[in-house]
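# Remarks on the overall topology
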Amino acid sequence: TLKDRLARAAKLLQAQPNLHTYVPFTPVPCGLAVQGGYDCAFPSGGAIRRVCKTIGVDSFDLVLIDDPKLLGVLRYVDYKKLVYRPTDIYSQMGLKNWRLLESHLIEQCDAVVATSGPVLKFLNETFAHEKPGKVFVNGVDYDLFSQPQAKPAEYTGARKRCVYVGILDF
């Protein structure tokens, strides 16, 4: 929720040893005002640089970016390789500036790892790039869900249930 994001904003948290999380605070929503790869949501990058210094990282071997709206962060982190991991066809999901954001990511990345064949095909056809691409399916066993299955014992009873693991952006 927005309240949760604001509570975590601009705080470096240690999830486990050698695993940190950081949600940047942005004065405006990221991805809305982008020009030339610069995003006014990340005006100076000072906070991001301080986080890198705090955790003792000068440069990353690999940056995996899966949300085009976070393009503006890339200006402030040093990395050797960048992999763009699109999870959806963002033009069909209402993401503003999707073409601009994804074109910059395609230009900068070293490879694309999509979560489905249609996502990779869309990027290849839309941007006609020469980057290596691969599909790593995003955790769904299609064959399992495409056929009727016996109801698991834990779902017996009259109550309807729904399970979703993932993110709903809107």
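Since the model is a prediction, treat every value here as computed from it, not as a measurement.

Conventions and cut-offs
Residues numbered from 1 in each chain as written. Predicted model: local features only at pLDDT ≥ 70, side-chain atom pairs only at ≥ 80, totals over all residues. Heavy atoms only, no water. Helix = DSSP H or I, 4+ residues; strand = E, 2+ residues; numbered from the N terminus. Buried < 20%, exposed > 50% of the residue type's maximum accessible area, 1.4 Å probe, protein only. Contact = heavy atoms within 4.5 Å. Areas by Shrake-Rupley, 256 points an atom, 1.4 Å probe, with all protein chains shown as cover. Lys, Arg positive; Asp, Glu negative; His and termini not counted. Charge placed at Lys NZ, Arg CZ, Asp CG, Glu CD. Core = buried A, V, L, I, M, F, W, Y, C linked by side-chain atoms within 4.5 Å. Phe/Tyr/Trp six-rings, centres within 6.5 Å; stacked < 30°, edge-to-face > 60°. Pairing = 2+ DSSP bridges. Axes fitted to C-alpha atoms, helices over the stretch in contact; angles between N-to-C directions.

## Considerations on the overall build of the chain
Within the chain, the secondary structure is distributed over five helices and eight strands. What you see in the chain, going N to C, is helices and strands ordered as α-β-β-β-β-α-β-β-α-β-α-β-α. Taken along the three principal axes of its C-alpha coordinates, the chain extends 55 × 40 × 30 Å. Relative to its 170 residues, the chain shows a buried fraction of 28%. When contacts within the chain are restricted to residue pairs at least 6 apart in sequence, long-range pairs at least 24 apart make up 46% of them. Accessible area of the chain: about 12000 Å², with a carbon and sulfur share of 55%. Placing the 21 positive and 17 negative side-chain charges of the chain at their respective mean positions leaves the two points 7 Å apart.

## Considering the environment of Pro86
Along the chain, the position of Pro86 falls in the loop between strand S6 (79-84) and helix H3 (98-108). With relative accessibility at 0%, the residue Pro86 sits in the buried group. Remark: the alpha-carbon pair of Pro86 and Phe127, spanning 41 residues in sequence, is separated by 14 Å. Once you skip the residues sitting within four places of it in the chain, Pro86 turns out to touch Glu102, Val112, Val113, Ala114, Thr115, Val119 and Leu123.

## Focus on the nonpolar core
Counting 22 residues, the largest nonpolar core has Leu74, Tyr84 and Leu123 as the members making the most contacts within it. When contributions to this core are tallied by element, the ones reaching two or more residues are strand S5 (60-65), S6, H3, strand S7 (111-114) and helix H4 (117-127). It is H4 that provides the largest number of residues to this core, a total of five residues. Contacts of Tyr84, omitting those with residues within four sequence positions, involve Ile65, Pro68, Tyr90, Glu102, Leu105, Ile106, Cys109, Ala111, Val112, Val113 and Leu123. Counting eight residues, the second largest nonpolar core, distinct from the first, contains Cys30, Ala41, Phe42 and Val73.

## Thoughts on the packing of aromatic side chains
Describing an aromatic ring pair means giving the distance of the ring centres and the angle of the ring planes. Overall, the coordinates contain two aromatic pairs when judged by the stated rule. With 6.4 Å between their ring centres and 70° between their planes, Trp98 and Phe127 make a pair best called edge-to-face. With Trp98 in helix H3 and Phe127 in helix H4, this pair connects stretches of sequence that are 29 residues apart. Here Trp98 matches Phe127 in class, with each residue buried. Ring-pair connections join several aromatic residues into one group, and the members of that group are Trp98, Phe122 and Phe127.

## Description of unusual backbone geometry
With phi around 65°, Asn97 is a residue other than glycine that occupies positive phi space. Among the structural elements, Asn97 can be located in the loop between S6 and H3. Among the residues examined, Asn97 registers a relative accessible area of 30% and is labelled partly exposed. Located in the positive-phi region is Ala128, a residue other than glycine, with phi close to 40°.

## Some words on the sheet that holds S6
Within the open sheet, the four strands sit side by side as S5-S6-S7-S8. Their pairing is parallel. Looking at the sheet topology across the chains shown, the edges are occupied by S5 and strand S8 (133-135). On average, each strand axis in the sheet is tilted by 25° relative to the strand beside it, whichever way the strands run. Where S5 lies against S6, five bridges are found, and the strand directions are parallel. Directly across from Ile65, in S6, lies its bridge partner Tyr84. Contacts between H3 and the sheet are confined to S5, S6 and S7, with S6 contributing the most and set at about 135° to the helix.

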